[in-house]
Amino acid sequence: MEITLDPGYIRGILSAEHSAAQQDLQHFGPIEALARSQIRHDERLRSAPGSGTLACRAGCAWCCYFTVDVRAVEVFRILERVEHAFSALQLARLREEVTANAAALRELDDLDRMRRNVKCPFLDEARCTIYEVRPQTCRNYHATSALGCQASYENPYDLDIDPEFAPYVYQAGGAHVDAFTRALKEAGYDTDVYELNAALEAALSDPQARARFEAKDKPFIGLAGRDVPPEFDESD
Ligand code: SF4
């Protein structure tokens, strides 16, 4: 779906979120800064023009079988929540599912990963079990009709299916993430992008991963990330 960008709207979010994220990173460190940014993120999406047209509802989970990309800071925020909220049985199931998913996806290139439906390890009975701390990718994925999401799920090889989305919600979410990521990168933290299951597997199997991230080193030994450029910049 082609959209016309609103440069003033994008610039306003880039500037406001970058400045708020810089302050939070300085005062609270990266994990708490992300927590605070997620509250602003949700509010931006809620107040974006057109947010009332979204079809996304609790119990609708077609998109939770698509590939999810995350940054390390999101993985450690999720695991913090998991350690506090999950039972031993839930944690054991999570480890099992993450290991199986990571193995199934490991040898695939980006294109083949996009063509593979894999149930997210946090999806349980069509509900997200980590909704408050879900990744930025999930927060920004939205549609104005679930039919396109269902069609993508039912035809994973057809990458031309393009669910209808709300242009201002799209711009608000994208600019927000770009601004937070820029502040994180400027502060010296890893901002590479990883496949969700691979990053969870690496973090769950290595108790030092978070300490390396907080020390501004690469957190995951043996797992290469991708440096993904921002979608929006100040000149948009
Ligand atoms: S983290 Fe939650 S919202 Fe994101 S894909 Fe998994 S179940 Fe769905």
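What counts, and at which threshold
- Residues numbered from 1 in each chain as written.
- Predicted model: local features only at pLDDT ≥ 70, side-chain atom pairs only at ≥ 80, totals over all residues.
- Heavy atoms only, no water.
- Core = buried A, V, L, I, M, F, W, Y, C linked by side-chain atoms within 4.5 Å.
- Buried < 20%, exposed > 50% of the residue type's maximum accessible area, 1.4 Å probe, protein only.
- Helix = DSSP H or I, 4+ residues; strand = E, 2+ residues; numbered from the N terminus.
- Phe/Tyr/Trp six-rings, centres within 6.5 Å; stacked < 30°, edge-to-face > 60°.
- Lys NZ or Arg CZ within 6 Å of the ring centre and 35° of its normal.
- Disulfide = S-S within 2.5 Å.
- Patch = residues over 30% accessible without salt bridge, like charges linked within 9 Å, V, L, I, M, F, W, Y side chains within 5 Å.
- Areas by Shrake-Rupley, 256 points an atom, 1.4 Å probe, with all protein chains shown as cover.
- Salt bridge = Lys/Arg side-chain N within 4 Å of Asp/Glu carboxyl O.
- Axes fitted to C-alpha atoms, helices over the stretch in contact; angles between N-to-C directions.
- Left-handed = near helix turned anticlockwise from the far one by under 90°.
- Contact = heavy atoms within 4.5 Å.
- Nonpolar A, V, L, I, M, F, W, Y, C, P; charged D, E, K, R; others polar.
- Expected span 1.5 Å × (residues − 1).

Considerations on the nonpolar core
- By size, the foremost hydrophobic cluster in this structure holds 37 residues, and its most contacted members are Val75, Phe76, Phe122 and Phe220.
- With 7 residues, the single largest contributor to this core is helix 3 (residues 72-85).
- Core analysis: the next-biggest nonpolar cluster, separate from the first, contains 12 residues, Ile13, Ala166, Ala179 and Phe232 among them.

A look at the packing of aromatic side chains
- Inspection of every chain in the model, using the stated rule, returns 10 aromatic pairs.
- Both rings, one in Phe66 and one in Tyr141, keep their centres 6.0 Å apart while their planes meet at 70 degrees; by these two values the pair is edge-to-face. Residue Phe66 is found in the loop between helix 2 (30-47) and strand 1 (69-71), and its partner Tyr141 is found in the loop between helix 6 (136-140) and helix 7 (146-154); the two are separated by 75 residues along the sequence.
- Among the aromatic residues, those joined into a ring-pair cluster are Phe76, Tyr189, Tyr194, Phe213 and Phe220.
- Taking the ring centre of Tyr131 as reference, the NZ or CZ of Arg134 above it sits at 3.8 Å.
- Taking NZ or CZ as reference, Lys216 lies 5.0 Å from the ring centre of Tyr189, over its face.

Digging into the state of the cysteines
- Across all of its chains, the model carries 0 disulfides by this definition.
- Cysteine Cys56 remains unbridged, with the sulfur of Cys149 as its closest cysteine sulfur at 6.5 Å.
- Residue class for Cys56 comes out partly exposed when judged on its relative accessible area of 40%.

Digging into a nonpolar patch on the surface
- Together, Leu111, Met114 and Leu159 line one region of the surface with nonpolar side chains, adding up to about 270 Å² of accessible area.
- By the secondary structure assignment, Leu111 is in helix 5 (residues 110-114).

Focus on the packing of helix 1 (residues 7-28) against helix 8 (residues 167-186)
- The interhelical angle for the contact between helix 1 and helix 8, taken along N-to-C directions, is 35 degrees, at an axis separation of 8 Å. Regarding helix 1 and helix 8, the two cross each other, and that crossing is right-handed. Here Tyr9, Ile10, Ile13, Leu14, Glu17, His18, Ala21, Gln22 and Leu25 of helix 1 come into contact with helix 8, specifically with Tyr168, Gln171, Ala172, Ala175, His176, Asp178, Ala179, Phe180, Arg182, Ala183, Leu184 and Glu186.
- Its residues assigned to classes, the contact of helix 1 with helix 8 comprises 13 nonpolar, 4 polar and 4 charged.

Here's the deal with helix 8
- Its 20 residues give helix 8 an end-to-end C-alpha distance of 28 Å, which sits within 8% of 28 Å, the value for a rise of 1.5 Å per residue.
- Where burial is concerned, most of helix 8 is hidden: 14 out of the 20 residues are buried.
- Backbone geometry just downstream of helix 8 places Gly188 in the positive-phi region, at approximately 100 degrees.

Everything listed here is a matter of coordinates, which is why it stays silent on function.
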